[in-house]
Amino acid sequence: MVGKPLQIAAAVAGAVVGIVAVRYLGLNAVIPALSVAACWWAFTRLGLHRRLVLPLAFAGGHGIWFFVGLIMTLAIGGSAETMTEVGLESLIVAAIVAWGCISRSRPALCVLIVYEVVSLVFNAIAWTGVDELRPVLAVHIGLRIVAIVGAALALSRWSEIAAPSN
């Protein structure tokens, strides 16, 4: 098992990043981390190729975090504008991730990358106007970057994904 040391190193690095994130971000790190972990587990069980799991789990976990945010916004009586924005974002992410899981195709990954890049632009614009929400925005940006990098890596190694299984 050549990959075992790499898996252990990744788990240790992930635990360290998680501890630091929870220390500084609290629930703003816990909910997305649990959401990504749940998606990772589910997509692995669904038999997705390992190269597809990373981008789809991060995008899916991010989408679940949006959905949790929508529920929380409803619970505290948030504005209709906020609920519309978060609800629309949840639906878009769910559709892209579902498409990626079902089709396991390059176009789905390309759409994921485009969506995340466009969203990063909006996040960068929002950065200047949200002093107290910057930690939350930083988590959004981090999730998007990992999804983009993961999708780009999957596309660059598409021959592994498209190869017939024996």
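See the structure above.
Residues numbered from 1 in each chain as written. Predicted model: local features only at pLDDT ≥ 70, side-chain atom pairs only at ≥ 80, totals over all residues. Heavy atoms only, no water.

A. Expanded view of the overall build of the protein chain. Within the protein chain, the secondary structure is distributed over 7 helices and 0 strands. In the protein chain, the succession of α and β elements from N to C terminus is α-α-α-α-α-α-α. Within the span of the protein chain, comprising 166 residues, buried residues form 33% of the whole. For the protein chain, long-range pairs separated by at least 24 residues make up 65% of all intrachain contacts whose partners lie at least 6 apart in sequence. (Helix = DSSP H or I, 4+ residues; strand = E, 2+ residues; numbered from the N terminus. Buried < 20%, exposed > 50% of the residue type's maximum accessible area, 1.4 Å probe, protein only. Contact = heavy atoms within 4.5 Å.)

B. Inspection of the pattern of salt bridges at higher detail. Applying the stated criterion across every chain yields a total of 5 salt bridges. Note that arginine 51 and glutamate 160 form a salt bridge whose closest N and O atoms lie 2.8 Å from each other. Remark: glutamate 160 occurs in helix α7 (residues 158-162) and arginine 51 occurs in helix α3 (residues 50-75); sequence separation between them is 109 residues. Measuring nitrogen to oxygen at the nearest pair gives 3.1 Å for the salt bridge that ties glutamate 89 to arginine 144. Linking glutamate 89 in helix α4 (residues 80-103) with arginine 144 in helix α6 (residues 134-156), this pair joins segments that are 55 residues apart in sequence. (Salt bridge = Lys/Arg side-chain N within 4 Å of Asp/Glu carboxyl O.)

C. Examining the packing of α3 against α6 more closely. Relative to each other, α3 and α6 sit at 155 degrees, their axes nearing to 7 Å. Put simply, α3 runs roughly antiparallel to α6. Relative to α6, α3 is oriented so that their crossing is left-handed. Of the residues in α6, those touching α3 at Arg51, Leu52, Leu54, Pro55, Phe58, Ala59, His62, Trp65 and Phe66 are Val136, Val139, His140, Leu143, Arg144, Val146, Ala147, Gly150, Ala151 and Ala154. (Axes fitted to C-alpha atoms, helices over the stretch in contact; angles between N-to-C directions. Parallel < 35°, antiparallel > 145°, perpendicular 65-115°, else oblique. Left-handed = near helix turned anticlockwise from the far one by under 90°.)

D. Seen up close, the side chain of glutamate 116. Relative to the assigned elements, glutamate 116 resides in helix α5 (residues 106-127). A relative accessible area of 1% places glutamate 116 in the buried class. With near-sequence residues (within four places) excluded, glutamate 116 lies in contact with Ala59, Arg144, Ala147 and Ile148.

E. How the structure looks around the state of the cysteines. If you walk through the whole model with that rule in mind, you get 0 disulfides. For the unlinked cysteine cysteine 39, the closest cysteine sulfur is that of cysteine 101, found at 8.2 Å. (Disulfide = S-S within 2.5 Å.)

F. Up close: the nonpolar core. Ranked by internal contacts, the top residues of the largest apolar core, which has 24 residues, are Phe43, Leu48, Leu52 and Leu56. Elements represented by at least two residues in this core include exactly α2 (27-45), α3, α4, α5, α6 and α7. Of the residues forming this core, the biggest block, 7 residues, is contributed by α3. Discounting residues that sit within four places of it in the chain, leucine 52 has contacts with Arg104, Leu109, Ala154, Trp158 and Ile161. With 7 residues, the next largest nonpolar core counts Val36, Trp65, Val136 and Leu143 among its residues. (Core = buried A, V, L, I, M, F, W, Y, C linked by side-chain atoms within 4.5 Å.)

G. Focus on the packing of α4 against α5. Interaxial distance between α4 and α5 falls to 8 Å at its minimum, and their mutual angle equals 155 degrees. Classified by the angle their axes make, α4 and α5 are roughly antiparallel. In this structure, the crossing between α4 and α5 has a hand that is left-handed. Of α5, the residues touching α4 (which contributes Glu89, Ile92, Val93, Ile96, Trp99, Gly100 and Ser103) are Pro107, Ala108, Val111, Leu112, Tyr115 and Ser119. Of the residues contributing to the contact of α4 with α5, the split by class is 9 nonpolar, 3 polar and 1 charged. (Nonpolar A, V, L, I, M, F, W, Y, C, P; charged D, E, K, R; others polar.)

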